[in-house]
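Structural characterization, general
Chain residues, written in single-letter form:
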Amino acid sequence: MEIKVLGSGCAKCKHLLQMVEYSVKELNLDAKVIYVTDMISISLSGIMNTPGLIVNGKIVSTGRVPRLEEIKELLIKAE
Amino acid sequence: MATFFSWLNDQLLRMVWLDNLVKWFFSDVIGIHSDTLLYSSLTFFFYDVIKIFILLSVLIYISSYIQSYFTVEKTRSILSKVKGIPANIVGSLLGTITPFCSCSSIPIFIGFTKAGLPIGVTFSFLISSPLVDLASVVLLASIFGWKIALLYVLVGIILAVIGGSLITLFKMEKYVESFVYQQINGSVEENGFLTKKDRRRYALEQLSDILKRVWKYVLIGVGIGALIHGYIPASFIETVLGENNPFSVIIATIVGVPMYADIFGTLPIAEALVLKGVGLGTVLSFMMAVTALSLPSLILLKKVVKTKLLVVFVSIVTVGIIIIGYLFNFITPLMGI
């Protein structure tokens, strides 16, 4: 599966990226994690408020950092 | 009852106790004579820094908690149901409660435009968002009183409504970069369910995020304010920005436009200038120019709109701020403020 973390480099965005990478490892998922930092690409994917999280093309969270449990749930659901 | 409220206002908002504490500390504990310039600079600096950080922490927490109910996505869906000038009004009002930082102007611009909102409505939102928010209004009230703060909100919203409506009137859609109209790639799912605990956590995160972003502007702003307060002669400020100089508002606006600072950083400068006798309208123009327009945010916007639209946007807002400045300078003495 393909996971995109979108953020222009703010502290929250990096935090989300770390948590996603951690979850992927923890859950032993076969996933590619991409960190998108270009403002235009972020906008064009439909995110209006960073950090954003896109799993398999679906926007699952914007403007906040979900709890670790929530991230894991989202990833398991998308698997 | 009225005296109770004014007591509450003095202690909680203007923090008279803190002013007294700081003055007592520097005169009685440190032993600096209260007639000196050093004394007035130091007391101004410490009183303002402490007051602003206390108020900011409380206010950002409260407003972030409220904002967790008004996400940008919800704002967009509310706006898509309104048409015409009412849409500009709703856009300006939502701009005051939706979380915003100038870094998110591009995603919001693209997100709104793609959803089919008229760009005039988006601009109403983009003008009011940095200009008016809960924290800045309460801080403004703590320095200049509630009348001024509410007037500020009113003219800020009017500026956003008129600015956005003019952009609609001029039919500027063709000056938006064409890639903005490309098809959306991802589908928007619901943004999860937030419990009260999630919202509290969100508010705390916002608080630490915003404090990390603005603390340096506050310190610089209060520093400049303290210098003006203690060391810059009133006669000099009077000549450049005083009521007798007919160009004072224009000078204040033009100087403020390219500057990038948070409203929290400009407030202490405004406070010091008013104490030196500068007209309130002149000072408000400076503050509005600094917060509504800045070089970094214009450079960002340039990526999504063509130069012509950008020039129209900057001109409308600049002229609007200048008019507001002269209006305030004219009205406030009449109102006895």
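Residues numbered from 1 in each chain as written. Chains lettered and ligands numbered in written order. Predicted model: local features only at pLDDT ≥ 70, side-chain atom pairs only at ≥ 80, totals over all residues. Heavy atoms only, no water.

1. Focus: the packing of helix α7 (residues 119-131) of chain B against helix α9 (residues 146-169) of chain B
Residues and elements named next belong to chain B. Between α7 and α9, the shortest axis-to-axis distance is 7 Å and the interhelical angle comes to 155°. Classed by the angle they form, the pair α7 and α9 counts as roughly antiparallel. Considering only the axes of α7 and α9, their crossing is right-handed. Where α7 approaches α9, its residues I119, G120, V121, F123, S124, I127, S128 and L131 are matched on the opposing element by Y152, G156, L159, A160, V161, G163, G164, S165, I167 and T168. (Axes fitted to C-alpha atoms, helices over the stretch in contact; angles between N-to-C directions. Helix = DSSP H or I, 4+ residues; strand = E, 2+ residues; numbered from the N terminus. Parallel < 35°, antiparallel > 145°, perpendicular 65-115°, else oblique. Left-handed = near helix turned anticlockwise from the far one by under 90°. Contact = heavy atoms within 4.5 Å.)

2. Let's talk about the environment of V290 of chain B
Residues and elements named next belong to chain B. Within the secondary structure, V290 is located in helix α14 (residues 280-292). With 34 residues separating them in the primary sequence, V290 and G256 have C-alpha atoms 4.6 Å apart. Beyond its immediate chain neighbours, meaning those up to four positions away, V290 contacts G256, M259, A261 and T266.

3. A word on helix α8 (residues 134-144) of chain B
All names here are of chain B. For α8, the tally of buried residues reaches ten of eleven residues, placing the bulk of the element in the interior. Within α8, burial applies to A135, S136, V137, V138, L139, L140, A141, S142, I143 and F144. Buried residues along α8 sit against α1 (2-13), α3 (37-67), α7, α9, α13 (263-275) and α14. Capping the start of α8, D133 holds a side-chain oxygen 2.9 Å from the backbone nitrogen of A135, two or three residues further along. G145 sits one or two positions beyond α8 and adopts a positive phi of about 95°. (Buried < 20%, exposed > 50% of the residue type's maximum accessible area, 1.4 Å probe, protein only. Polar contact = N/O pair within 3.5 Å; in protein donor to acceptor, adjacent residues only side chain to side chain.)

4. Some remarks on the pairing of strand β1 (residues 2-6) of chain A
All names here are of chain A. Relative to strand β2 (residues 32-36), β1 runs parallel, the two sharing five bridges. Note that in β2 the partner of E2 across the bridge is K32. Between the parallel elements β1 and β2, the chain passes through helix α1 (residues 11-27) in a crossover that is right-handed. Judged from the four bridges that link them, β1 and strand β3 (residues 52-55) form a sheet pairing that is antiparallel. Directly across from K4, in β3, lies its bridge partner I54. (Pairing = 2+ DSSP bridges. Right-handed = clockwise from strand over helix to strand, strands pointing away.)

5. Quick notes on the environment of D28 of chain B
Residues and elements named next belong to chain B. By secondary structure assignment, the location of D28 is in helix α2 (residues 16-29). The exposure class of D28 is exposed, given its relative accessible area of 56%. Residues D28 and F70 lie 42 residues apart in sequence; the distance between their C-alpha atoms is 49 Å. A polar side-chain atom of D28 sits 2.9 Å from a polar atom in the side chain of S27.

6. Quick look at the nonpolar core
The biggest cluster of nonpolar side chains holds 108 residues, and the ones touching the most others in it are L56, I167, V304, L309 and F313 of chain B. Residue contributions to this core peak at ten residues, all from α9 of chain B. Setting aside residues no more than four positions away along its own chain, F313 of chain B makes contact with F123, I127, I167, L293, L298 and L301 of chain B. Listed in part, the 15 residues of the second largest apolar core include L17, L53, V55 and L75 of chain A. (Core = buried A, V, L, I, M, F, W, Y, C linked by side-chain atoms within 4.5 Å.)

7. Here we look at the confidence of the model for chain A
For chain A, mean pLDDT is 89; residues scoring 70 or higher make up 100% of the total. Here helix α2 (residues 39-44) of chain A is the element of chain A with the lowest mean pLDDT, 86, and β1 of chain A is the one with the highest, 94. (pLDDT = per-residue confidence, 0-100.)

8. Considerations on the side chain of S124 of chain B
Residue and element names in this part refer to chain B. With respect to the element layout, S124 can be found in helix α7. Overall, the relative accessible area of 0% leaves S124 in the buried class. Leaving out residues up to four positions away in the same chain, S124 has contacts with N88, S92, A160, V161, G164 and S165.

9. Some details on the packing of helix α10 (residues 196-230) of chain B against α13 of chain B
Residue and element names in this part refer to chain B. Between α10 and α13, the least distance of the axes is 6 Å, while the angle of their chain directions is 10°. Between α10 and α13, the angle falls in the class roughly parallel. Facing V214, Y217, V218, G221, V222, I224, G225, I228 and H229 of α10, the residues of α13 in contact are F264, G265, P268, I269, A272, L273 and L275. Residue composition of the contact of α10 with α13, grouped by class: twelve nonpolar, four polar and no charged. (Nonpolar A, V, L, I, M, F, W, Y, C, P; charged D, E, K, R; others polar.)

10. Things to note about the packing of aromatic side chains
All names here are of chain B. Overall, the coordinates contain nine aromatic pairs over all chains when judged by the stated rule. The interplanar angle of 85° and the centroid separation of 5.7 Å between the aromatic rings of Y217 and Y260 together place this pair among those described as edge-to-face. Taken as a pair, Y217 in helix α10 and Y260 in the loop between α12 (248-256) and α13 lie far apart in primary sequence, 43 residues in all. The exposure class assigned to Y217 is partly exposed, which follows from its relative accessible area of 22%. For Y260, a relative accessible area of 37% corresponds to the partly exposed category. Here the aromatic residues F25, F26, F45 and F46 are joined through ring pairs into a cluster of three or more. (Phe/Tyr/Trp six-rings, centres within 6.5 Å; stacked < 30°, edge-to-face > 60°.)

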